[in-house]
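What the coordinates show
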Protein chains: 2
Amino acid sequence: MNQRVAGFRSIGSAIAVAMLVFSSLAHAQSDPLASWNDTAPRKAIVEFVATVTTQGSPDFVPPAERIAVFDNDGTLWAEQPMYFQVLFALDRVKELAPQHPEWKDQEPFASLLKGDVKGAMAGGMKSILEIIMVTHAGNTTEQFETIVKDWLSTAKHPTTKRPYTEMVYQPMLELLDYLRANGFKTFIVSGGGIEFMRPWSETVYGVPPEQVIGSSIKVKYELREGTPVLVRLPELDFVDDKEGKPVGIHQQIGRRPIAAFGNSDGDLQMLQWTTAGQGPRFALYVHHTDGEREWAYDRESSFGRLDKGLDEAQAKGWTIVNMADDWNVVFPSDPR
Amino acid sequence: MNQRVAGFRSIGSAIAVAMLVFSSLAHAQSDPLASWNDTAPRKAIVEFVATVTTQGSPDFVPPAERIAVFDNDGTLWAEQPMYFQVLFALDRVKELAPQHPEWKDQEPFASLLKGDVKGAMAGGMKSILEIIMVTHAGNTTEQFETIVKDWLSTAKHPTTKRPYTEMVYQPMLELLDYLRANGFKTFIVSGGGIEFMRPWSETVYGVPPEQVIGSSIKVKYELREGTPVLVRLPELDFVDDKEGKPVGIHQQIGRRPIAAFGNSDGDLQMLQWTTAGQGPRFALYVHHTDGEREWAYDRESSFGRLDKGLDEAQAKGWTIVNMADDWNVVFPSDPR
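These lines cover the structure that appears in this document, whether it is placed above or below.

Take the packing of aromatic side chains next. Aromatic ring pairs are defined here through the distance separating the ring centres and the angle between the ring planes. Residues and elements named next belong to chain A. Throughout the structure, instances matching the rule amount to 38 aromatic pairs over all chains. Centre to centre, the rings of tyrosine 83 and phenylalanine 303 are 4.6 Å apart; their planes meet at 85 degrees, and the pair counts as edge-to-face. One end of the pair, tyrosine 83, is in the loop between strand 1 (67–70) and helix 3 (84–96); the other, phenylalanine 303, is in the loop between strand 6 (282–287) and helix 12 (308–316), with 220 residues separating them in the sequence. By relative accessible area, which is 30% here, tyrosine 83 ends up partly exposed. Assessed through its relative accessible area of 17%, phenylalanine 303 is described here as buried. Geometrically, the ring pair formed by tyrosine 169 and tryptophan 327 is tilted, given 5.5 Å between the ring centres and 50 degrees between the ring planes. Note that tyrosine 169 is positioned in the loop between helix 7 (141–154) and helix 8 (170–181) and tryptophan 327 in the segment after helix 13 (323–326), a separation of 158 residues in sequence. In this structure, arginine 256 is placed above the aromatic ring of tryptophan 273, and the distance from its NZ or CZ to the ring centre is 3.7 Å.

Structure below.
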């Protein structure tokens, strides 16, 4: 027996070491926030959850009121080199181009089809809206759902070459699970299109469609040969960004969240609205500081700019995730 | 011992009778649909629920997809002599009148303040909108919630003199509970104001605010001396009626219900949309046939008209509740 545990002075010490190893393995496996380093953000999350779930405590929050809201782009999944929904729209333009020969001479499509994204965006919001409408409207809700699912099943991220659904943040997946395991209801509140997220939010994030809030275009109910359809119209309905986020939360949830998670100035009003409620509140910003494993950007970025929000978070003592220091894994398939 | 069970031929027969009595009492107490007579609608409901919850059956529906939608006015609570929200608005006009001396000479308020509701409504939708805006807008969402709660805690129904929250249908409360006990998620989808229903939907129906869909006015996010508020604007946002119901369901739930419950032509599109999906579907109309315990009205009614819907329900074999025959109790405080 002693020969088999060579290097150890006794069976006793071999067993002690083995127990330590197994116990820390078991701990790692059972740690619901395994991808979070033991730094301030993790501690703040765990403390907040303990506070609101401790029965009999004055800060106890009943499960029905444990509403947590998450931005999507840059908070749950990456948003570089540009919002993935914009990349989807660009792919759609190419796909639809054969049916639209006129686009060859018509901006913003002409530039886009030449691969000149910057030129296409020169028209500002008007160009972006035009691209969104031709790529997102004119079909039924069921057709659009199929288009999104088909795209996600084949498209690859331009630099990492991974499927977009693998460009999600492992620590945030764990956080979603951890909150739900503690009786929270988790919602997505994104400036992105609601119908672009719903087809995959349940399988990727565990967030069902009825808990997804986003920007939308109008839809219209019609009977086509007796069969009801909802047709997507080329008309903006709601922009779920900045001041729109508390409005969207109010309209779709109807009560104030107790925890909010974002990464940009577009989330600032959501964090303000959440933390202004009475009782314990939690606000967290993901700060993109990791240029090696992800992208490093904040105050000057054209996507997901974090400027005013960073100042307000520091002034108000909100939790700020320093991606480089606080996460030991970024994407699920990263080496551990 | 035999003397104590006088009238029975033996201890054995006394025990047998007692067991029968107790067992039927226990059955009545444990019957989740006790207020439903054993007629066709009850049978259809129980059969549908058994069908979609039987694991391994080809018609099994996973819990996440067991979405059931309920109209409110005339389906979950009464709507006569007129929608309760209109009665709320009339009370609000009287309450606000001292701050609006100009209303004495200004329609539709002048007629309203004289008690002439019909005269006030002579201006049609324009008058109704004017009344809604002055009584529902111009405050914050939190202020409006308090106004609704205060009204409900004191106002009485004009003919029954009961609180409005007791004018709910006992069989429908049982049905909501029964569906939830079988893994359904229950939603309200009403033409009424979403913010008029949310303050009490959870306590009265067990339906949390995030599962209430209704008509809405626009709200705007503002910082008032650094404190965020949502201000209710005098501008219609969404009308959740007729063709609007499938649209509201799509926007807020994002998937098609498998069961829908209504009472009027305003619910027809919701029932069409629900039943047009693949797999087992259930649609039910409450038909107001009980002029004694409730009100009897259908094709000619100005509120909750059931005309086209009744024809389509008959043609398509949807379940129709004949209130007089199918419910043994209407309101919770009715004698049993």
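With an axial shift of 0.0 Å and an RMSD of 0.0 Å, the rotation relating chain A to chain B amounts to 180 degrees. Given the turn and translation reported, the copies of this chain are related as if by a two-fold rotation axis. If distances are taken from each C-alpha of chain A to the rotation axis, the shortest is found for glutamine 252 of chain A, at 3.1 Å. Most of the interface of chain A is mirrored in chain B, where 100% of its interface residues again form contacts.

A word on the environment of glutamine 143 of chain B. Structurally, glutamine 143 of chain B is set in helix 7 (residues 141–154). Separated by 173 residues in the primary sequence, glutamine 143 of chain B and lysine 316 of chain B place their C-alpha atoms 45 Å from one another.

All names here are of chain B. Bridge analysis of strand 3 (residues 212–224) against strand 4 (residues 227–238) gives eight bridges, and the strand direction is antiparallel. Within the sheet, the bridge partner assigned to isoleucine 217 lies in strand 4 and is leucine 236. The loop that links strand 3 with its antiparallel partner strand 4 comprises two residues; one of these, glutamate 225, has a positive phi angle of about 50 degrees.

All names here are of chain A. The buried fraction of strand 2 (residues 185–193) is high, at seven of nine residues. With four bridges joining them, strand 1 and strand 2 adopt parallel strand pairing. Paired with phenylalanine 70 across the strands is isoleucine 188, a residue of strand 2. Both strand 2 and strand 3 (residues 212–224) contribute to a ladder of three bridges, which runs parallel. If you follow valine 189 over to strand 3, its bridge partner there is isoleucine 213.

Bringing the sheet that holds strand 6 of chain A into the picture now. Residues and elements named next belong to chain A. With mixed pairing, seven strands are arranged side by side in an open sheet as 4-3-2-1-5-6-7. Two strands bound the open sheet, and with one partner strand each, they are strand 4 (227–238) and strand 7 (319–322). Ignoring strand direction, the axes of neighbouring strands in this sheet form an average angle of 30 degrees. Here helix 6 (residues 125–136) sits on the sheet in contact with strand 3 and strand 4, set at roughly 175 degrees to strand 4.

Right, let's talk about the sheet that holds strand 3 of chain B for a bit. The strands that make up a sheet are held in pairs by hydrogen bonds between backbone atoms, and each pair lies either parallel or antiparallel. Residues and elements named next belong to chain B. Strand order in the open sheet formed by seven strands is 4-3-2-1-5-6-7, with mixed pairing between adjacent strands. Unpaired on one side and paired on the other, strand 4 and strand 7 (319–322) mark the two borders of the sheet. Across the sheet, the mean angle separating the axes of adjacent strands is 30 degrees when strand polarity is ignored. In this sheet, strand 7 lies alongside strand 6 (residues 282–287) in parallel orientation, the contact comprising four bridges. Counterpart to leucine 284 in the pairing with strand 7 is threonine 319. Along the sheet, helix 11 (residues 268–275) contacts strand 1 (67–70), strand 2 (185–193), strand 5 (259–262) and strand 6; its crossing angle with strand 5, the most-contacted strand, is approximately 165 degrees. Contacting strand 6 and strand 7, helix 12 (residues 308–316) crosses the sheet at an angle of about 135 degrees to strand 6.

Along helix 10 (residues 244–252) of chain B, eight of the nine residues are buried, which leaves the element largely enclosed by surrounding structure. Once helix 10 of chain B ends, the next one or two residues include glycine 254 of chain B, with phi positive near 80 degrees.

Moving on, we get to the side chain of aspartate 326 of chain A. All names here are of chain A. By secondary structure assignment, the location of aspartate 326 is in helix 13. Buried and without a salt bridge, aspartate 326 has arginine 293 as its closest oppositely charged side chain, separated by 8.9 Å. A polar atom in the side chain of aspartate 326 sits 2.7 Å from the side chain of threonine 39. Beyond its immediate stretch of four places on either side in the chain, aspartate 326 contacts Ser35, Trp36, Asn37, Thr39, Pro41, Ile320 and Val321.

On to the nonpolar core. Grouped together as the largest cluster of nonpolar side chains are 63 residues, with contacts concentrated most on Trp36, Phe70, Met172, Leu175, Tyr205, Phe261 and Trp327 of chain A. When residues of this core are assigned to their parent elements, the largest contribution, seven residues, is made by helix 3 of chain A. With 62 residues, the next largest nonpolar core counts Leu76, Ala155, Met172 and Leu176 of chain B among its residues.

What follows concerns the packing of helix 10 of chain B against helix 11 of chain B. Residue and element names in this part refer to chain B. Direction vectors running N to C along helix 10 and helix 11 enclose 55 degrees, while the axes themselves pass 7 Å from each other. Between helix 10 and helix 11, the interaxial angle falls into the category oblique. Side by side, helix 10 and helix 11 meet where Lys245, Pro246 and Ile249 of the first sit next to Gln269, Met270 and Trp273 of the second. For the contact of helix 10 with helix 11, the per-class residue count stands at four nonpolar, one polar and one charged.

What follows covers the side chain of glutamine 80 of chain A. Tracing the chain through its elements places glutamine 80 of chain A in the loop between strand 1 and helix 3. Ignoring anything within four residues of it in the chain, the contact list for glutamine 80 of chain A reads His157, Trp295, Tyr297, Ser301 and Phe303 of chain A.

Before going further, it helps to examine the interface of chain A and chain B. On the side of chain B, 35 residues touch chain A, which itself brings 35 residues to the contact. Summing the contributions of chain A and of chain B, the shared interface buries around 2900 Å²; its carbon and sulfur component is 54%. The largest per-residue losses of area from chain A upon contact with chain B belong to Glu210, Tyr221 and His250 of chain A, which jointly make up 22% of the total buried on that side. Inspection of the region where chain A meets chain B yields eight salt bridges. Here lysine 185 of chain A ties to glutamate 210 of chain B by a salt bridge, and the two come within 2.9 Å at their closest N and O atoms. Mapped onto the side of chain A that touches chain B, the elements with two or more residues apiece are helix 7, strand 2, helix 9 (194–205), strand 3, strand 4, helix 10 (244–252) and helix 11 (268–275) of chain A. The dominant element in the side of chain A that touches chain B, judged by the number of residues it contributes, is helix 10 of chain A, at five residues.

Attention shifts here to the pattern of salt bridges. Note on pairing: side chains with opposite charge can pair once their charged atoms come close. Residues and elements named next belong to chain A. This model, assessed by the stated rule, comprises 45 salt bridges over all chains. Among the salt bridges present, the one from aspartate 241 reaches lysine 242, with a minimum N-O distance of 3.6 Å. By relative accessible area, lysine 242 is classed as partly exposed at 41%.

This paragraph deals with unusual backbone geometry. The omega angle of the peptide bond from glutamine 80 of chain A to proline 81 of chain A is 5 degrees, so this bond is cis rather than trans. Within the secondary structure layout, proline 81 of chain A lies in the loop between strand 1 and helix 3. With omega at 5 degrees, the peptide bond leading from glutamate 107 of chain B into proline 108 of chain B counts as cis. If you trace the backbone, proline 108 of chain B turns up in the loop between helix 3 (84–96) and helix 4 (109–113). Within the chain, lysine 161 of chain A stands out as a residue other than glycine whose phi angle is a positive 60 degrees. The topology assignment puts lysine 161 of chain A in the loop between helix 7 and helix 8.

The rules behind each value
- Residues numbered from 1 in each chain as written.
- Chains lettered and ligands numbered in written order.
- Predicted model: local features only at pLDDT ≥ 70, side-chain atom pairs only at ≥ 80, totals over all residues.
- Heavy atoms only, no water.
- Phe/Tyr/Trp six-rings, centres within 6.5 Å; stacked < 30°, edge-to-face > 60°.
- Helix = DSSP H or I, 4+ residues; strand = E, 2+ residues; numbered from the N terminus.
- Buried < 20%, exposed > 50% of the residue type's maximum accessible area, 1.4 Å probe, protein only.
- Lys NZ or Arg CZ within 6 Å of the ring centre and 35° of its normal.
- Least-squares fit on C-alpha atoms with pLDDT ≥ 70 in both.
- Contact = heavy atoms within 4.5 Å.
- Pairing = 2+ DSSP bridges.
- Axes fitted to C-alpha atoms, helices over the stretch in contact; angles between N-to-C directions.
- Lys, Arg positive; Asp, Glu negative; His and termini not counted.
- Salt bridge = Lys/Arg side-chain N within 4 Å of Asp/Glu carboxyl O.
- Polar contact = N/O pair within 3.5 Å; in protein donor to acceptor, adjacent residues only side chain to side chain.
- Core = buried A, V, L, I, M, F, W, Y, C linked by side-chain atoms within 4.5 Å.
- Parallel < 35°, antiparallel > 145°, perpendicular 65-115°, else oblique.
- Nonpolar A, V, L, I, M, F, W, Y, C, P; charged D, E, K, R; others polar.
- Buried area = accessible area lost by both parts, 1.4 Å probe.

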